[in-house]
Protein chains: 2
Amino acid sequence: MPPKIYLAGPEVFLPDAVAIGRQKVAICARFGLLGLFPIDLGDGAAGPATSGAIFQACLAAMREADAVIANLTPFRGVGADPGTAFELGYMVALGKPVFGYSNDPVPHVERVRSGYGPLRTDGDQLFAADGLAVENFALFDNLMLAEGLRAGGRGGVFLPAAPVADPARDLMTFARCAEHASEVLEAIRQA
Amino acid sequence: MPPKIYLAGPEVFLPDAVAIGRQKVAICARFGLLGLFPIDLGDGAAGPATSGAIFQACLAAMREADAVIANLTPFRGVGADPGTAFELGYMVALGKPVFGYSNDPVPHVERVRSGYGPLRTDGDQLFAADGLAVENFALFDNLMLAEGLRAGGRGGVFLPAAPVADPARDLMTFARCAEHASEVLEAIRQA
């Protein structure tokens, strides 16, 4: 039985979400993983799903999964989709291996500078022009996400080496992350 | 021993975060709760904390806490702070009661319309001008957050009746949420 990977990410909001999900599942299969894509979790009932039913289906899939690969590419703002962040936290609490990537190689501080700059320092802290502090840790996003991916010594977030043309759809970095997840899960299995 | 409440939220990024934290802890005390504010979790070591140390301190506090009150007020964009969303998911997975509020009474769909509109429908789905779907469930934010707060029948998100002057600092809705949390935790204790 291949390890099951919950595929968290805001690609569920793309008009071609079903096609992207199939591509992610195919990439998983190439590395011996069974991808669970949220949009495929419907109960087969007629009519649009309720938010409560979608929530319960996602929770059930996460409990069934052996690990998660979270797409933490910024979504409508400077940071990750909060739904995906919720799911990453959920899987960390379950003690399951978590993997993640972002298709935006720009550090969090630089994204905040672009959107809410200029930045200024005050003592130890860095502030944006919105008057709010910016975590100044050279991480890709909020430290809970970045450190959540580092915990367990699994190497942290995967990023492209350079900006990609279509960050919402690009799957190169996802594929690298899936290969890494496969290796880690195989090492755990053999341990 | 009063129930311990982890106080998740982006107010840690305010320049007056320490003062806001003290006010939140004082409001908790008024309702018989012991508030754990992330910024107070330092290990007392000299110098600025590392992101890894902050992460581990937050996880330890969440495991120690009996419940969480999450501030899900939008942060630098249309949705909640991803770090807070991570923590909400973490506490849901631990099976602890979760409570939450937002100081923005505007539904998620309307915030997306303001920032990324106009909206258009395509079949069952609603899309913003950025080409991405918008969850059309009349919820305050992403369904994982909204349903996470509803799970367990604890009533969902607390919102102000009308826009507030300073959403980053207003504590009226937090106080209502803390009072509710106190009642729920007392009922659980007596059950």
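Structure's up top.
Residues numbered from 1 in each chain as written. Chains lettered and ligands numbered in written order. Predicted model: local features only at pLDDT ≥ 70, side-chain atom pairs only at ≥ 80, totals over all residues. Heavy atoms only, no water.

Student: Can you lay out the overall build of chain A for me, pointing to particular residues and giving the numbers?
Tutor: A count of helical and extended segments in chain A gives six helices and seven strands. Seen in sequence order, chain A has helices and strands lined up from the N terminus as β-α-β-α-β-α-β-α-β-β-β-α-α. Expected size for 191 residues packed as a compact globule is a radius of gyration near 16 Å; at 17 Å, chain A falls within 12% of this value. The principal-axis extent of the C-alpha atoms belonging to chain A is close to 55 × 45 × 30 Å. A burial count over chain A gives 53% of its 191 residues as buried. Within chain A, residue pairs in contact and separated by at least 24 positions form 70% of the contacts whose partners lie at least 6 positions apart. For chain A, the accessible area works out to roughly 8,100 Å², and carbon and sulfur atoms hold 55% of it. Mean positive and mean negative side-chain charge positions of chain A (15 and 21 charges, respectively) differ by 3 Å. (Helix = DSSP H or I, 4+ residues; strand = E, 2+ residues; numbered from the N terminus. Rg over C-alpha atoms; globule rule 2.2 N^0.38 Å. Buried < 20%, exposed > 50% of the residue type's maximum accessible area, 1.4 Å probe, protein only. Contact = heavy atoms within 4.5 Å. Areas by Shrake-Rupley, 256 points an atom, 1.4 Å probe, with all protein chains shown as cover. Lys, Arg positive; Asp, Glu negative; His and termini not counted. Charge placed at Lys NZ, Arg CZ, Asp CG, Glu CD.)

Student: Before we move on, could you go through the packing of helix α5 (residues 143-150) of chain A against helix α3 (residues 82-93) of chain B and cite the residues and values that matter?
Tutor: Running from amino to carboxyl end, α5(A) crosses α3(B) at an angle of 55°, the nearest separation of the two axes being 7 Å. Looking at the two axes, α5(A) sits oblique to α3(B). Along the contact surface, α5(A) presents A:Met144, A:Leu145 and A:Gly148, while α3(B) presents B:Pro82, B:Gly83, B:Phe86 and B:Glu87. The residue inventory of the contact of α5(A) with α3(B), partitioned by class, reads four nonpolar, two polar and one charged. (Axes fitted to C-alpha atoms, helices over the stretch in contact; angles between N-to-C directions. Parallel < 35°, antiparallel > 145°, perpendicular 65-115°, else oblique. Nonpolar A, V, L, I, M, F, W, Y, C, P; charged D, E, K, R; others polar.)

Student: Pulling in residues and values, what's your account of the pattern of salt bridges?
Tutor: For the coordinates displayed, the defined rule picks out 20 salt bridges over all chains. Here A:Asp16 ties to A:Arg169 by a salt bridge, and the two come within 2.8 Å at their closest N and O atoms. Residue A:Asp16 is located in the loop between β1 (4-8) and α1 (17-30), and its partner A:Arg169 is located in the loop between α5 and α6 (172-190); the two are separated by 153 residues in the primary sequence. On the basis of relative accessible area, A:Asp16 is assigned to the partly exposed category, the value being 27%. Relative accessible area serves as the criterion here: at 28%, A:Arg169 is assigned to the partly exposed category. One salt bridge connects B:Arg169 with B:Asp166, and the closest N-O pair in it is separated by 3.5 Å. One salt-bridge network, in which partners are shared between bridges, spans A:Asp16, A:Asp166 and A:Arg169. (Salt bridge = Lys/Arg side-chain N within 4 Å of Asp/Glu carboxyl O.)

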